[in-house]
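Architecture and fold: a report
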Amino acid sequence: MRRLIVVVVIVLAAAGFYRSFGDEETGTGSLTLPQPYPTVGSSVPSFRTASEEGGTFALRDEGTYVLTFWSTLNRQSNQSRASFERLAGEFPEDDVKFAAVYVNSAPERASANYEVLQDRSGTLTQGYNIKRVPRLFLIVDGRVRLVQTGFYGEYEEQLEEEIRAAIEGG
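As a starting point, this report considers the structure included with it. Small disclaimer: the values here were computed from a predicted structure and weren't measured.

A short note on helix α2 (residues 75-90)
For α2, with 16 residues, the first-to-last C-alpha span of 24 Å sits near the 22 Å given by 1.5 Å per residue. By the largest-angle criterion, Arg-81 marks the main kink of α2, which is about 35°. Turning to α2, its buried residues number three or more, namely Gln-76, Ser-77, Ser-80, Arg-81, Ser-83, Phe-84, Leu-87 and Ala-88. Among the structural elements, β3 (64-70), β4 (97-102), β6 (135-140) and α4 (153-167) are those in contact with the buried residues of α2.

In structure tokens form, the structure reads like this:
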């Protein structure tokens, strides 16, 4: 019993010590890992890659892009596809370019109103530090304006508002 009390006291002391390094915003200690790069405000490298439709997709330093990373094996990736497709159809390609990067095999589809890319080499997945899908980036003139991890209903509205603001120059 005495050992148990000593262990509990040590664990509580260690937890209190860890929490003392926290701040009001996170409520956690400074030992917490940072958010994965790239984050809002980060610049992203331009790239050029083949699309599944046989064309080429290029992300340049100028322009507005919505880039999402999906897996056909992930439920949230599959759920987010309908809203992504709706938004891709709503904005002219001259204003916004939409692309979905599949981290595993891409689904067989006759056509999509966005570019379908497959990251066979892992270069894009590694460059965008994808640890969990779905993960979406709104990129304006080479800088990340919005990052969404996972898929929730309110994400579609938030993304649409941010795209409109980017197109209007806001």
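On we go from here.
Notes on the nonpolar core
Counting 20 residues, the largest nonpolar core has Val-66, Phe-84, Phe-98, Tyr-114, Leu-138, Leu-159 and Ile-163 as its most contacted members. Listing elements by their share of this core, those giving two or more residues are β3, α2, β4, β6 and α4. Beyond its immediate chain neighbours, meaning those up to four positions away, Leu-138 contacts Thr-64, Tyr-65, Val-66, Arg-143, Val-144, Arg-145, Leu-146, Leu-159, Glu-162 and Ile-163. If you look at the next biggest cluster of nonpolar residues, it comprises 17 residues, including Phe-47, Phe-57, Leu-67 and Val-133.

Structural notes on the pairing of strand β1 (residues 47-50)
As defined by bridge partners, β1 adjoins strand β2 (residues 56-59) across four bridges and the pair is classed as antiparallel. Bridge pairing in β2 places Thr-49 opposite Phe-57. As consecutive antiparallel partners, β1 and β2 are separated by five residues, and within that stretch Gly-54 has a phi angle of approximately 100°, a positive value.

Quick look at the packing of aromatic side chains
Counted by the stated rule, this structure contains 12 aromatic pairs. Aromatic pair Phe-47 and Phe-57: ring centres 5.9 Å apart, planes at 45°, arrangement tilted. You can see Phe-47 sitting in strand β1 and its partner Phe-57 sitting in strand β2, a full 10 residues away along the chain. Of the two residues examined, Phe-47 and Phe-57, each falls in the buried class. When the ring of Tyr-152 is compared with that of Tyr-155, the centres are 5.2 Å apart and the planes differ by 85°; the resulting orientation is edge-to-face. A residue is classified by how much of its surface remains accessible, and Tyr-152, at 37% relative accessible area, is partly exposed. Through a chain of ring-to-ring contacts, three or more aromatic side chains come together here, namely Phe-47, Phe-57, Tyr-65, Phe-69, Tyr-128 and Phe-137. The ring of Trp-70 has Arg-81 sitting right over it, with the charged end atom 5.7 Å from the ring centre.

A word on empty space enclosed by the protein
What the rule picks out here adds up to one cavity of 30 Å³ or more. If you add up the space inside the largest cavity, you get close to 120 Å³. Lining the largest cavity are 14 residues, and of these Ser-80, Ser-83, Leu-136, Gln-148 and Phe-151 lie nearest its centre. Looking at the lining of the largest cavity, the elements that each hand over two or more residues are β3, α2 and α4. Considering each element in turn, the lining of the largest cavity owes the most residues, four residues, to α2. Within the lining of the largest cavity, the residues separate by chemical class into eight nonpolar, five polar and one charged.

The rules behind the values
- Residues numbered from 1 in each chain as written.
- Predicted model: local features only at pLDDT ≥ 70, side-chain atom pairs only at ≥ 80, totals over all residues.
- Heavy atoms only, no water.
- Helix = DSSP H or I, 4+ residues; strand = E, 2+ residues; numbered from the N terminus.
- Expected span 1.5 Å × (residues − 1).
- Bend = angle between axes of the 7 residues up to and from the residue.
- Buried < 20%, exposed > 50% of the residue type's maximum accessible area, 1.4 Å probe, protein only.
- Contact = heavy atoms within 4.5 Å.
- Core = buried A, V, L, I, M, F, W, Y, C linked by side-chain atoms within 4.5 Å.
- Pairing = 2+ DSSP bridges.
- Phe/Tyr/Trp six-rings, centres within 6.5 Å; stacked < 30°, edge-to-face > 60°.
- Lys NZ or Arg CZ within 6 Å of the ring centre and 35° of its normal.
- 1 Å grid on protein atoms, 1.4 Å probe; cavity = no way out; pocket = protein on both sides within 12 Å on 5 of 7 lines; lining within 4 Å.
- Points joined across faces, edges and corners; volume = space filled by probe spheres on them.
- Nonpolar A, V, L, I, M, F, W, Y, C, P; charged D, E, K, R; others polar.

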